[in-house]
Structure formats: structure tokens, C-alpha cells
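Remarks on the overall topology
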Amino acid sequence: MLRAGQIRVPVLFSHGAMDPRIDISETEIMVQALRANGTEAPFICIPDEGRAWQKLASRLAYYRKQAEFLEEQLGVTEASG
């Protein structure tokens, strides 16, 4: 969090709410810090997953959101893709 103010590029965050190692509040704090500095920081929370996406539905949903984020950041459109 100490250097969040130095981040100037969009960052996609994701977190499984049941992660036994890293509390979700740490991710939420980082997301809030970046947003407060005007940096785009979308956040995907998967409520019924832990450290890695075990369920196929969770993986597919995450990959879809990740692809949308990358397409948006890279300026990819249907016509150019």
C-alpha cells in the first residue's frame, strides 16, 4: 500500500473470498488506494473460491472478465480483433 500512489496504469484485481492465506481486506484496501489516486482498478471477487479458481464456472467467468479488461486496455474491437 505504501507505493500505491506510484501506480499509474490500470490494474485488474481478483480475489477468492475464501482464500485462507491472504485476507480479502488487503486486496480491497489496494483497490481503494488506486481508485482514490484516479487509477482504474476493477475488482473481481469470487465469493465461493479460495486461493485458486477450482470451479470451471469461476474460471470461465474470471477469464471472460480478464479478456474484456485486456481488450479495453489494448483498444481491441470486433473489427480490429
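Structure first, text after, so check above.
Below is a short write-up of the structure. Predicted, not measured: the structure shown is a model, and the values here were computed from it. (Residues numbered from 1 in each chain as written. Predicted model: local features only at pLDDT ≥ 70, side-chain atom pairs only at ≥ 80, totals over all residues. Heavy atoms only, no water.)

Attention now goes to the packing of aromatic side chains. Two measures describe an aromatic ring pair: the distance that separates the ring centres and the angle between the ring planes. Tallied over the entire structure, the rule returns 2 aromatic pairs. With a centroid separation of 5.8 Å and an interplanar angle of 50°, the aromatic rings of Trp53 and Tyr62 are classed as tilted. Judged by its relative accessible area of 17%, Trp53 is buried. Chaining the aromatic ring pairs together yields one cluster made of Trp53, Tyr62 and Tyr63. (Phe/Tyr/Trp six-rings, centres within 6.5 Å; stacked < 30°, edge-to-face > 60°. Buried < 20%, exposed > 50% of the residue type's maximum accessible area, 1.4 Å probe, protein only.)

Here we take up the nonpolar core. In this structure, Ala4, Phe13, Met30, Val31, Leu34 and Ala41 together form the largest nonpolar core, which totals 6 residues. Among the elements that take part in this core, helix 1 (residues 24-36) stands out by supplying 3 residues, more than any other. Not counting residues within four places of it along the chain, the set of residues in contact with Ala41 comprises Val11, Phe13, Val31, Leu34 and Arg35. (Core = buried A, V, L, I, M, F, W, Y, C linked by side-chain atoms within 4.5 Å. Helix = DSSP H or I, 4+ residues; strand = E, 2+ residues; numbered from the N terminus. Contact = heavy atoms within 4.5 Å.)

In this structure the tally under the stated criterion is 2 salt bridges. Its salt-bridge partner being Asp19, residue Arg51 comes within 3.1 Å of it at the nearest N-O pair. One end of the pair, Arg51, is in the loop between strand 2 (43-46) and helix 2 (56-74); the other, Asp19, is in the loop between strand 1 (13-16) and helix 1, with 32 residues separating them in the sequence. Look at Arg51 and you get partly exposed, because its relative accessible area is 45%. Overall, the relative accessible area of 13% leaves Asp19 in the buried class. (Salt bridge = Lys/Arg side-chain N within 4 Å of Asp/Glu carboxyl O.)

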